[in-house]
Amino acid sequence: MSRTEPRIVERVDELQRWADRERAAGRRIALVPTMGALHEGHLSLARLARGLADRVVASIFVNPTQFGPTEDLECYPRELDADVERLAAIGVEVVFAPSLEEIYPPGDSTWIEVEGLTDGMCGPFRPGHFRGVTTVVARLFHAAKPHVAVFGEKDYQQLQVVRRMVRDLRLDVEIVGGPTVREADGLAMSSRNAYLSPEGRSQARALCAGLLEARALAQAGERDAGYLAELVRERIEKEPLAEVQYVEVRDAATLEPVERLNRRAVLAVAAVVDGTRLIDNLVLEETP
Ligand code: AMP
């Protein structure tokens, strides 16, 4: 891939003017929203976007409205220069790195909230989180005017919530999901993995290990979703530093709870390991 220095844009109006020009020239724009501290998971989405559009915008914005009051907003890793280098290597044309005031001008009072889909799974553990996500994503869409936006399946509920927002508001943007990228031992990549101690890092493997064991049983014919979820919970709770928040099986599209595996479903988990909240999931394909 040829290396271009991305243009770094900090202002919404500048990005909108750029997007208008690109659209007028008939070029397709892809957006990859991120909070920075980029790892291979993010970069895989940027590569996917590269193949879907003529111009790729990656946004880097640590969005305060999606963090709870006791969460890690203050210590969330920030490494803009290194992130720009990583994106340059993929040929991303624009890095949008706005200030807080640029995304949330003082005095703003508009939120976007998707109901229903946000009630379960991570919703109760992170009150206000999805409202923060949909609000910032809508604002990023308004700034970058993308034809297509790419999100990771690692944040499975987020992906479905964004899809619903786009559907309900009839936003003219295609949402594409990219597969979860994992470390060699299976741990889903996350900017938060950097918080883990060596012991925590080693025990964090249990999330993915439990999901894989359950999926193997499902593929072998097990249909009882509650049983599979319980196995995953037990596997994770064998680890002394791990505390499960939820293990659930949900319909892959609607996120409705599933009891018997008779349709495409997602097996999703959230656990606090060594003080760090981690999530992971696997899709259980419909088997005949
Ligand atoms: P974040 O910076 O954590 O807000 O993530 C930005 C985007 O990258 C979201 O769409 C995430 O779902 C996606 N993402 C995060 N981790 C991974 C991963 N391990 N594999 C694929 N996508 C990921």
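Residues numbered from 1 in each chain as written. Predicted model: local features only at pLDDT ≥ 70, side-chain atom pairs only at ≥ 80, totals over all residues. Heavy atoms only, no water.

Undergrad: Is there a simple way to think about the sheet that holds strand β8 (residues 265-273) in this case?
TA: Where strands meet in a sheet, backbone hydrogen bonds hold them as pairs that are either parallel or antiparallel. Spatial ordering of the open sheet is given by β7-β8-β9, a layout of three strands whose pairing is antiparallel. Across the chains shown, the open sheet's two edge strands, defined by having one partner strand only, are β7 (242-251) and β9 (276-284). This sheet shows a mean twist of 15 degrees between the axes of neighbouring strands, independent of strand direction. Bridge analysis of β8 against β9 gives nine bridges, and the strand direction is antiparallel. By the bridge assignment, V272 is partnered in β9 with R277. Across the sheet, helix α8 (residues 205-219) is in contact with β8 and β9; its angle to β9 comes to roughly 20 degrees. (Pairing = 2+ DSSP bridges. Helix = DSSP H or I, 4+ residues; strand = E, 2+ residues; numbered from the N terminus. Axes fitted to C-alpha atoms, helices over the stretch in contact; angles between N-to-C directions. Contact = heavy atoms within 4.5 Å.)

Undergrad: Just checking my understanding: could you explain the sheet that holds strand β4 (residues 94-96) for this structure?
TA: The six strands lie next to each other as β1-β4-β3-β2-β5-β6, forming an open sheet whose pairing is parallel. Looking at strand neighbours, the two that pair on one side only are β1 (7-9) and β6 (174-178), the edges of this open sheet. Looking at each pair of strands side by side, their axes are set apart by 25 degrees on average, direction ignored. Pairing of strand β5 (residues 148-152) with β6, which is carried by five bridges, proceeds in the parallel orientation. Within β6, the position partnered with F151 by the bridge is G177. Most of the contacts of helix α3 (residues 80-90) go to strand β3 (residues 55-60), to which it runs at about 160 degrees, and overall it touches β1, β3 and β4.

Undergrad: I tried to follow helix α2 (residues 40-50) on my own but got confused; where do I start?
TA: Count 3.6 residues to each turn of an α-helix, and residues three or four apart come out pointing the same way. In terms of burial, α2 is largely enclosed, as eight of its eleven residues are buried. The set of residues buried in α2 consists of G41, H42, L43, S44, L45, A46, A49 and R50. On the buried face of α2, the contacting elements are β2 (29-34), β3, α3, β5 and β6. (Buried < 20%, exposed > 50% of the residue type's maximum accessible area, 1.4 Å probe, protein only.)

Undergrad: How should the pattern of salt bridges be read in this particular structure?
TA: Side-chain pairs of opposite charge can arise where the charged atoms are in close proximity. Applying the stated criterion across every chain yields a total of 21 salt bridges. Residue R86 pairs with D83 through a salt bridge whose shortest N-O separation is 2.7 Å. Taken together, the positions of R86 and D83, both in helix α3 and three residues apart, correspond to about one turn of that helix. A relative accessible area of 29% places R86 in the partly exposed class. Under the relative-accessibility criterion, D83 is labelled buried at 1%. R201 serves as the salt-bridge partner of D185, at 2.9 Å between the closest nitrogen and oxygen. Here the residue D185 occupies a position in the loop between β6 and α7 (198-203), and R201 occupies one in helix α7, the gap between them amounting to 16 residues. (Salt bridge = Lys/Arg side-chain N within 4 Å of Asp/Glu carboxyl O.)

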